[in-house]
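What follows is the residue order along each chain.
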Amino acid sequence: MIDNWPTLVRAIESAEATVSGLNLEIRELGAHRSAYGWDPLGRQSLHGLARSAFEVITEYARKTLCEGNDSVLSDSTAGEIIYDFLGRDATRAPDFSGYWHALEARYGNGVGARLARVSAAHSLRGELGLALEKNSWRQAPKMERGGVTFELCRRALEPRIRAVGYQVGYDASLVLTRIVKALGQLTDGRFPTDAHVEGLREGAIAGAAAPLRADIGGCRWTFTKNCTRVWMPLELALLVRESIESIVPSDTPLD
């Protein structure tokens, strides 16, 4: 693709011009009443395909260099880097290897992983209520029943479609999955992430009336119509807090 870039650009531009010309002839012959145009190229372009290839590289770098964290290597950041390596005319081919090396230079040697952990710690600090704004209506973690209850302050329930009652919805499942993966990341796998990913999938928790409750990996989850709470055994709760505060000290101001 790179070696033949100028030829490919000329070929696709010629094909696009041919299709455009034929569509014009079709309209002139009275087919303008049709709601559809002839689109043998499938609305694709060579540059669009190159962009897709860059996206594959971005996702691979995010996974291997940044522990999957899309706030460290965001789409907007990737777009800024890609701009320097994207072929924009008939003579300059996209430099995929240059883009990869640029990502390696920025996030390699553990830099991306470290940034991902810092990002996860900041996020969890807020999600678990370990740092609260002054006069915040949110609840701080509470010691009870030999453990600690964290209030996530996220609505997770939505009405069931084929039955009466509620279930943990799709969007909430994505958010909660992100949270438990971050907990596993910061505790070096000691938080039972796999059990939670399975247990918190869309529709896995459902019932006829709120609140809904579920025991997952030794943690007890409660879902009300307004918020979500999770109780953790004291040892696990302390591990979570210590893991977060080892990266973001408790006296760190809120962003």
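Residues numbered from 1 in each chain as written. Predicted model: local features only at pLDDT ≥ 70, side-chain atom pairs only at ≥ 80, totals over all residues. Heavy atoms only, no water.

Novice: So, the overall build of the chain: which residues are in play, and what are the values?
Specialist: Within the chain, the secondary structure is distributed over eight helices and eight strands. Across the 255 residues of the chain, 38% fall into the buried class. Roughly 15,100 Å² of accessible area belongs to the chain as shown, and the carbon and sulfur atoms make up 51% of that amount. (Helix = DSSP H or I, 4+ residues; strand = E, 2+ residues; numbered from the N terminus. Buried < 20%, exposed > 50% of the residue type's maximum accessible area, 1.4 Å probe, protein only. Areas by Shrake-Rupley, 256 points an atom, 1.4 Å probe, with all protein chains shown as cover.)

Novice: Quick one: what's the story with the packing of aromatic side chains, residue by residue and with numbers?
Specialist: Applying the stated criterion to the full structure yields five aromatic pairs. For the ring pair phenylalanine 54 and phenylalanine 96, a centre distance of 4.8 Å and an interplane angle of 50 degrees mean the geometry is tilted. Taken together, the residues phenylalanine 54 in helix α2 (residues 46-65) and phenylalanine 96 in helix α4 (residues 96-107) connect sequence positions 42 residues apart. We note that phenylalanine 54, like phenylalanine 96, is buried. Measuring from ring centre to ring centre gives 5.6 Å for tyrosine 60 and tryptophan 100, while their planes differ by 45 degrees; the resulting arrangement is tilted. Of this pair, tyrosine 60 sits in helix α2 while tryptophan 100 sits in helix α4, and the two are 40 residues apart along the sequence. Joined through ring pairs, the aromatic side chains of Phe54, Phe85, Phe96 and Tyr99 make up one cluster. A cation sits over an aromatic face here: arginine 220 above tryptophan 231, 4.1 Å from the ring centre. (Phe/Tyr/Trp six-rings, centres within 6.5 Å; stacked < 30°, edge-to-face > 60°. Lys NZ or Arg CZ within 6 Å of the ring centre and 35° of its normal.)

Novice: Break down the nonpolar core for me, citing the residues and quoting the values.
Specialist: Among soluble globular proteins, nonpolar side chains are generally buried collectively. In terms of nonpolar packing, the biggest core is built from 35 residues, with Leu176, Trp221, Phe223 and Met232 touching the most fellow members. At the level of elements, α5 (111-127), β2 (147-151), α6 (170-186), β6 (212-216), β7 (219-223), β8 (228-233) and α8 (234-245) are the ones that each hand at least two residues to this core. The element that contributes the greatest number of residues to this core is α6, accounting for seven residues. Phe54, Phe96, Trp100 and Ala116 belong to the second largest nonpolar core, which has 19 residues in total. (Core = buried A, V, L, I, M, F, W, Y, C linked by side-chain atoms within 4.5 Å.)

Novice: Now, about the sheet that holds strand β5 (residues 206-207): what can you tell me, with residues and values included?
Specialist: Taken together, three strands build an open sheet; the order of strands is β3-β4-β5 and the sheet is antiparallel. Looking at strand neighbours, the two that pair on one side only are β3 (157-159) and β5, the edges of this open sheet. (Pairing = 2+ DSSP bridges.)

Novice: Which residues make up the environment of isoleucine 205, and what values go with them?
Specialist: Assignment of secondary structure puts isoleucine 205 in the loop between α7 (193-199) and β5. Separated by 38 residues in the primary sequence, isoleucine 205 and glutamine 167 have C-alpha atoms spaced 5.6 Å apart. For isoleucine 205, the contacting residues outside a window of four places in its chain are Tyr166, Gln167, Val168, Gly199, Leu200, Leu212, Ala214, Ile216 and Phe223. (Contact = heavy atoms within 4.5 Å.)

Novice: Quick one: what's the story with α5, residue by residue and with numbers?
Specialist: Working note: α-helix, 3.6 residues per turn, so residues spaced by three or four point in the same direction. Taking 1.5 Å of rise per residue, 17 residues should cover 24 Å, and α5 covers 24 Å from first to last C-alpha, within 8% of that figure. All of the buried residues in α5 are Gly112, Ala116, Ala120, Ala121, Leu124, Arg125 and Glu127. (Expected span 1.5 Å × (residues − 1).)

Novice: Account for the packing of helix α3 (residues 75-82) against α4, naming residues and giving values.
Specialist: Relative to each other, α3 and α4 sit at 125 degrees, their axes nearing to 10 Å. Overall, the two elements α3 and α4 adopt an arrangement that is oblique. Note on packing geometry: the crossing formed by α3 with α4 is right-handed. Between α3 and α4, the residues in contact are Thr77, Ala78, Ile81 and Ile82 and Tyr99, Ala102, Leu103, Arg106 and Tyr107, respectively. A per-class count over the contact of α3 with α4 returns seven nonpolar, one polar and one charged. (Axes fitted to C-alpha atoms, helices over the stretch in contact; angles between N-to-C directions. Parallel < 35°, antiparallel > 145°, perpendicular 65-115°, else oblique. Left-handed = near helix turned anticlockwise from the far one by under 90°. Nonpolar A, V, L, I, M, F, W, Y, C, P; charged D, E, K, R; others polar.)

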